[in-house]
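Okay, here's what each chain looks like letter by letter:
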Amino acid sequence: MRYQTVIGLEVHLQLSTRTKAFCGCAIDFGQAPNSCVCPICLGLPGTLPVYNKEALNSAIKVALAFNCQIQEHTKFDRKNYFYPDLPKNYQISQFDLPLSRNGHMYIYTENKPKRIGITRIHLEEDAGKLVHEEANSLVDFNRTGIPLIEIVSEPDLNSPQEAFDYLTGLKSIIEYLDVSDCDMEKGSLRCDANISLRPEGSSQLGVKTELKNMNSFKGVKDALQFEVERQAELLLSNQQLVQETRLWDAEKGRTVSMRSKEGAKDYRYFPDPDLTLFNINKAFVEEIRGRLPELPLDKMHRFMKDYSLSEYDAKILVSSKKDSQFAEECIKIYSEKDKKPLVNWLIGPLLQEAKVRKAGISELNIEKKELVNLVGFVQRQEISGLSAKTVLSQMIDTGKSAELLIKEGNLLQVSDLDDLNKIIESVIALNAKSVDDFKAGKSNALMFLVGQVMKKSSGKANPKIAGDLLRRRLSNA
Amino acid sequence: MELNQLTAHQLLDKIKDGSITSQAIFDSLYQRVNKIDDKVNAYVRRGNLERTGKESGSKSELLGLPVTIKDNICTEGLNTECCSKILQGFRPPYDATVINNLKRSGAGIFELKANMDEFAFGSSTENSYFGSTHNPWNLDCVPGGSSGGSAAAVAADEAIWALGSDTGGSIRQPASFCGVVGLKPTYGRVSRFGLIAFASSLDQIGPITKDVEDAAILTRIIAGYDPNDSTSVNQSVPDYTKSLTNDIKGLKIAIPKEYFVEGMDPEVKAVVDEAVNKLKGLGAVIKQVTLAHTEYAVPVYYIIATAEASSNLARFDGVQYGYRAKSDNLIEMYKKTRAEGFGEEAKRRIMLGTFALSHGYYDAYYLRALKVRTLIKQDFDKVFSEFDCIVAPTSPSAAFKIGERTSDPLKMYLSDIYTISVNLAGIPAMSIPCGFTKNKLPVGLQIMAGAFNEETIFKVGHTYEQNTDWHKLKPVIRL
Amino acid sequence: MAIDNETIKHVAHLARIELQQNELEKLSNQLHDIIGFIDRISKLDVENIAPASHILPISNVLREDNPQVSLTPEKALENAPDKKGNFFSVPKIIE
């Protein structure tokens, strides 16, 4: 039997406001334990929460960017469970009246757009951090109370790769909004996954597993892949799956069953009486919508239109906000009408250099003007593509200009006809057989002769001009 | 009269004319506490009493006048334990907003905190980790609760005035039992920031005083918008002393028939009827009305209040402060800490509230209770659309004997039957002394008004007070 | 509504309160009585009544995103029953 994979993701995102969700503690990472805390986020007896206006605005931005409907009435609820990283032993969250519902975004797995539903985006607060020792657990409440939003997807993802692409796309949108660091390794973005398998064609969902403890997008993908195989194996051998939470062990590359804390039905959600209702009027929402920055999908379409780029090229360029800005500025500097050669360099060699250096293209040590210059050299056939790639790498390493590096490397192609003709004459003289072959109609022979010209010129001959000259010379002879 | 026997406004006059200092008032209170509090037990942790100079020399309005604070209101650096073992040793690193307001107004904070039912769970102050408070009018009787320490201290002249908190009657009922004045302000009138929560949607801090004028002064000082409390209302605070006019002619007063029913002590009924007649004699128009959903108030209250409490009290787990039981396993530590740290009533209410919120019962209990709460509020809205205020007894009985109701929680819960609706409706209400039973136990008259209409309450209370002497009588404490 | 011992035990676990057998029985009886009493609200028709989760008509209370002074770690840990360095310390979590 063939199975369909069904995945839904729950993404928790720390909002990068100046202060915490319900108190005025500055959000400041890397500080000494329990130094970014106050009576309110410590949940000391008698303290009360007041929600951060900026957190609400940021959350609304995110909800709108994911095409969600902002609910007219929303409220906070308490989710009750005991855990030492939770000072009040309840988390302020949202239950039946979340900030927003019914959104969607598009992913491009294998270059085809697919719509992924967003069930809801709601507001909550972060918990503290635990450090486990031999006999004790140590608690640091610095993170406690940082505003979070939870983005819950519909179970519309059908492969670990789609889940990966969803996360990448989601991160890209958030980055454009500039409301969160979105860094899974630092914990500002966290992701839990629900996964189940069902027989192909079935409309009923299978028994699901909740996966936790992944700390990179790749970790999410790997954990899901492991789970697909584990579940399929059980199903194929007619074994019963149990609904459970499993933790991803990245080192061992497997998921392990976790004994549950409190079951979801034991959370005893109820409206938080310490916080008021929020009535969010349409005008306010529209005002925020009006101030939203251009989002990746819009930018992609604009690039396609304005610069006649293919969807594929445009999609790569827009995936990062800063890189897309860098790319667009380069495109504007580049004076040729056809932008494709430059774009090829942006998403080709430049992106490659960036990947090697584990950075974005905008973070590389290269001036936009210089990059455009380099592409100009190539386009004018003044240097070979191969040389240009070397120059690009050197530019990034040294910060020197393209022109200087080309000069230093003596890389300008020989396009001078007199120089080339001298080389050609000597090649013809030395390769009579190939000359005859060409004359007999074997066009491959010309390639060989061009190769010889290149060799003799130490690679600096312009292969196109050399080819033209050769052809003309041999046809005339 | 000794200084400790005077009202705050009398003492303020004396400080102003230079005849006394606030230090002298502190001294007279210490003397009184040292003399009688072993009997009354209005204050807790008395061993801590430091007779240090308290002369603040404050030139602000209250001129250094001491205020007694209930043990559930956070005072920076002073133990605040809600009279619970689980909070033992807890010294808040911050002051409640009301304490800030008091200090800003020049008040001196009395270092001893007033006794109370643990976490304000109770109507008798018998549920205190530090032992029961005794009613100054009869030491064998309870002072009411949960602000029994505050009320007894004021009644026994161990305090000039005091702050209590009222979730279901915890200011008014002890005020009634101790023969003093106690006001529960409108929900949102006084900041709850720094009040250790029992039931967040019902709790309010309020004054317990020797007369209505003091209540009017203290209310104005503690009331007002607080940006630290989302449920505090941004509405200006009137000078309530302007309402003390001694004139209620033509005022329309409603008498809810559901508050004069069987189960009520006939002596209390007689005293309250007499008080109502007095108001009529002073020119008020009296008419009977109905508050149809009164019978549901106690059940609704015990669902909502305990549900909120079960969540509010979850933080007492031995992690950050207070008592921690020894264990090398976290969950066991939690369970033992809470089993050993909470008293019986606290455990009962946490259990009831947890149950009311739990899966499968939420709709039948909590959600339904919230709906009935709406009906109860609507009853009041309707009455206040036609009347200026409602007058009723504060409690169906006068103070009962210590130990008399401890074995029957339900019976204890029913002692709040006349005070609870007010909290559910969020409206203000005040209890003032209106007479005594044959056994010389005080009876309280409750005056309720619409939201943010404390002024009418003060007007009626003050007028009644000006024409009676009940508030001037003082208990004699047998030593 | 009847409340059986299993429910009481589960509720006690959710509330993290250890109950001795005698306490359990006593509480069971008391809660039974109290719940029997509060059950009277079940006879009211509340079909079209809005729940009063807040009694006040106020909404949209927010604060500006302006940093305030935090506590020092010393102050934050002042009341701690057990601490290690700047951390609160609790017994190991054994599920």
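It should be emphasised that the depicted structure is a prediction, and the values quoted were computed from it without experimental measurement. (Residues numbered from 1 in each chain as written. Chains lettered and ligands numbered in written order. Predicted model: local features only at pLDDT ≥ 70, side-chain atom pairs only at ≥ 80, totals over all residues. Heavy atoms only, no water.)

Chemist: Would you mind going over the overall build of chain A with me for this structure?
Modeler: The secondary structure content of chain A amounts to 15 helices and 17 strands. For 477 residues, the compact-globule estimate of 2.2 N^0.38 gives 23 Å, and the C-alpha radius of gyration of chain A, at 30 Å, exceeds that figure by more than 25%. Within chain A, the fraction of its 477 residues that count as buried is 55%. Sequence-distant contacts in chain A: of pairs separated by 6 or more residues, those separated by 24 or more amount to 68%. (Helix = DSSP H or I, 4+ residues; strand = E, 2+ residues; numbered from the N terminus. Rg over C-alpha atoms; globule rule 2.2 N^0.38 Å. Buried < 20%, exposed > 50% of the residue type's maximum accessible area, 1.4 Å probe, protein only. Contact = heavy atoms within 4.5 Å.)

Chemist: Looking at this structure, I do not really get the interface of chain C and chain B. What am I missing?
Modeler: Interfaces are often sized by the amount of accessible area the parts lose when they come together. At the junction of the two partners, chain C supplies 55 residues and chain B supplies 64 residues. Counting the surface lost from both chain C and chain B, the interface buries some 5,400 Å², and carbon and sulfur atoms represent 71% of this. Of all residues in chain C, C:I41, C:I55 and C:N79 give up the largest surface area on contact with chain B, accounting jointly for 13% of the area buried on that side. Across the contact surface, chain C and chain B share four salt bridges. Viewed at the interface, chain B and chain C are joined by 20 residue pairs in polar contact (both at pLDDT 80 or more). Contributions of two or more residues to the side of chain C that touches chain B are made by helix 1 (5-14), helix 2 (21-38) and strand 3 (87-91) of chain C. A breakdown of the residues in the side of chain C that touches chain B according to their chemical character gives 34 nonpolar, seven polar and 14 charged. (Buried area = accessible area lost by both parts, 1.4 Å probe. Salt bridge = Lys/Arg side-chain N within 4 Å of Asp/Glu carboxyl O. Polar contact = N/O pair within 3.5 Å; in protein donor to acceptor, adjacent residues only side chain to side chain. Nonpolar A, V, L, I, M, F, W, Y, C, P; charged D, E, K, R; others polar.)

Chemist: How should the confidence of the model for chain C be read in this particular structure?
Modeler: Fine structural detail should not be taken from predicted coordinates in areas where pLDDT scores are low. Summarising the model, chain C shows a mean pLDDT of 92, and 97% of its residues fall at 70 or more. Both scores are given for the predicted complex: the pTM is 0.92, the ipTM 0.96. (pLDDT = per-residue confidence, 0-100.)

Chemist: What am I meant to see in the interface of chain C and chain A here?
Modeler: Each side of the interface is counted separately: chain C has 34 residues, and chain A has 54 residues. Summed over the shared surface of chain C and chain A, the number is two salt bridges. A:K53 is the partner of C:E64 in a salt bridge, and the nearest nitrogen-oxygen pair spans 2.6 Å. Scanning the region where chain C abuts chain A turns up 26 residue pairs in polar contact (both at pLDDT 80 or more). At the level of elements, helix 1, strand 1 (62-63), helix 3 (73-76) and strand 3 of chain C are the ones that each hand at least two residues to the side of chain C that touches chain A. Per element, the largest residue contribution to the side of chain C that touches chain A is five residues, and it comes from strand 3 of chain C. Among the residues making up the side of chain C that touches chain A, the classes are represented as 15 nonpolar, twelve polar and seven charged.

Chemist: What is the right way to look at the domain arrangement of chain A in this model?
Modeler: According to the domain assignment, chain A contains domain 1 (3-288), domain 2 (294-408) and domain 3 (417-476). Relative placement of domain 1 of chain A and domain 3 of chain A: their C-alpha centres are 65 Å apart. (Domains from an automatic or database assignment.)

Chemist: Looking at this structure, how should I read the nonpolar core?
Modeler: Nonpolar side chains in soluble globular proteins tend to end up buried together. Core analysis: the largest hydrophobic core is formed by 151 residues, its most contacted members being B:F119, B:F380 and B:M448. When neighbours within four sequence positions are excluded, B:F119 is seen to be in contact with B:C82, B:S84, B:I86, B:L87, B:I196, B:F198, B:L313, B:F316 and B:F342. A:L295, A:V343, A:L374 and A:A388 belong to the second largest nonpolar core, which has 102 residues in total. (Core = buried A, V, L, I, M, F, W, Y, C linked by side-chain atoms within 4.5 Å.)

Chemist: Explain the packing of aromatic side chains to me, please; I cannot follow it from the model alone.
Modeler: All names here are of chain B. A full pass over the atoms with the stated rule returns 37 aromatic pairs over all chains. Between F436 and W470 the ring centres are 6.1 Å apart and the planes differ by 55°, which places this aromatic pair in the tilted class. Taken together, the residues F436 in strand 10 (residues 429-436) and W470 in the segment after helix 14 (454-466) connect sequence positions 34 residues apart. Of the residues examined, F436 reaches a relative accessible area of 19% and is grouped as buried. Through a chain of ring-to-ring contacts, three or more aromatic side chains come together here, namely F90, F119, F121, F198, F316, Y321 and F342. The cationic tip of K85 hangs over the ring face of Y323; the distance from NZ or CZ to the ring centre is 4.5 Å. (Phe/Tyr/Trp six-rings, centres within 6.5 Å; stacked < 30°, edge-to-face > 60°. Lys NZ or Arg CZ within 6 Å of the ring centre and 35° of its normal.)

Chemist: Could you clarify how one ought to interpret helix 10 (residues 385-398) of chain A in this entry?
Modeler: Along an α-helix, residues three or four apart share an orientation, since each turn contains 3.6 residues. Residue and element names in this part refer to chain A. Look at helix 10: 20 Å from first C-alpha to last across 14 residues, which is about the 20 Å you get at 1.5 Å a residue. Contacts made by the buried residues of helix 10 are with helix 8 (340-356), helix 9 (368-379) and helix 11 (402-408). Note on helix 10: the residue one or two positions beyond its end, G399, has a positive phi of about 80°. (Expected span 1.5 Å × (residues − 1).)

Chemist: Explanation requested: the pairing of strand 9 (residues 389-393) of chain B in the structure shown.
Modeler: Here is the key point about a regular strand: its side chains alternate between the two faces of the sheet. All names here are of chain B. Counted residue by residue, strand 9 has five buried out of five residues, so it is predominantly covered. One ladder, built from two bridges, connects strand 7 (residues 252-256) with strand 9; its direction is parallel. Opposite I253, over in strand 9, you have C389 as the bridge partner. As paired strands, strand 9 and strand 11 (residues 442-448) are joined by four bridges and run antiparallel to one another. (Pairing = 2+ DSSP bridges.)

Chemist: Looking at this structure, I do not really get helix 3 (residues 97-104) of chain B. What am I missing?
Modeler: Residues and elements named next belong to chain B. Turning to helix 3, its buried residues are T97, V98, I99, N101 and L102. Where helix 3 is buried, its residues touch strand 2 (66-70), strand 3 (108-114), strand 4 (162-166), strand 6 (204-209) and helix 6 (212-222). Following helix 3 by one or two positions, G106 adopts a phi angle in the positive range, close to 90°.

Chemist: Got a minute to help me understand the pattern of salt bridges in this structure?
Modeler: Opposite charge on two side chains permits them to pair, given that their charged atoms come into close proximity. Overall, the coordinates contain 61 salt bridges over all chains when judged by the stated rule. Its salt-bridge partner being A:R357, residue A:E353 comes within 2.3 Å of it at the nearest N-O pair. Among the residues examined, A:E353 registers a relative accessible area of 14% and is labelled buried. A salt bridge links B:R220 to B:E61; its shortest N-O distance comes to 2.5 Å. Of this pair, B:R220 sits in helix 6 while B:E61 sits in the loop between strand 1 (43-44) and strand 2, and the two are 159 residues apart along the sequence. Given the relative accessible area of 24%, B:R220 is considered partly exposed. Taking relative accessible area as the criterion, B:E61 reaches 36% and is therefore assigned partly exposed. Through salt bridges with shared partners, a single network forms among A:R78, A:D272, A:D274, B:R192 and B:D229.

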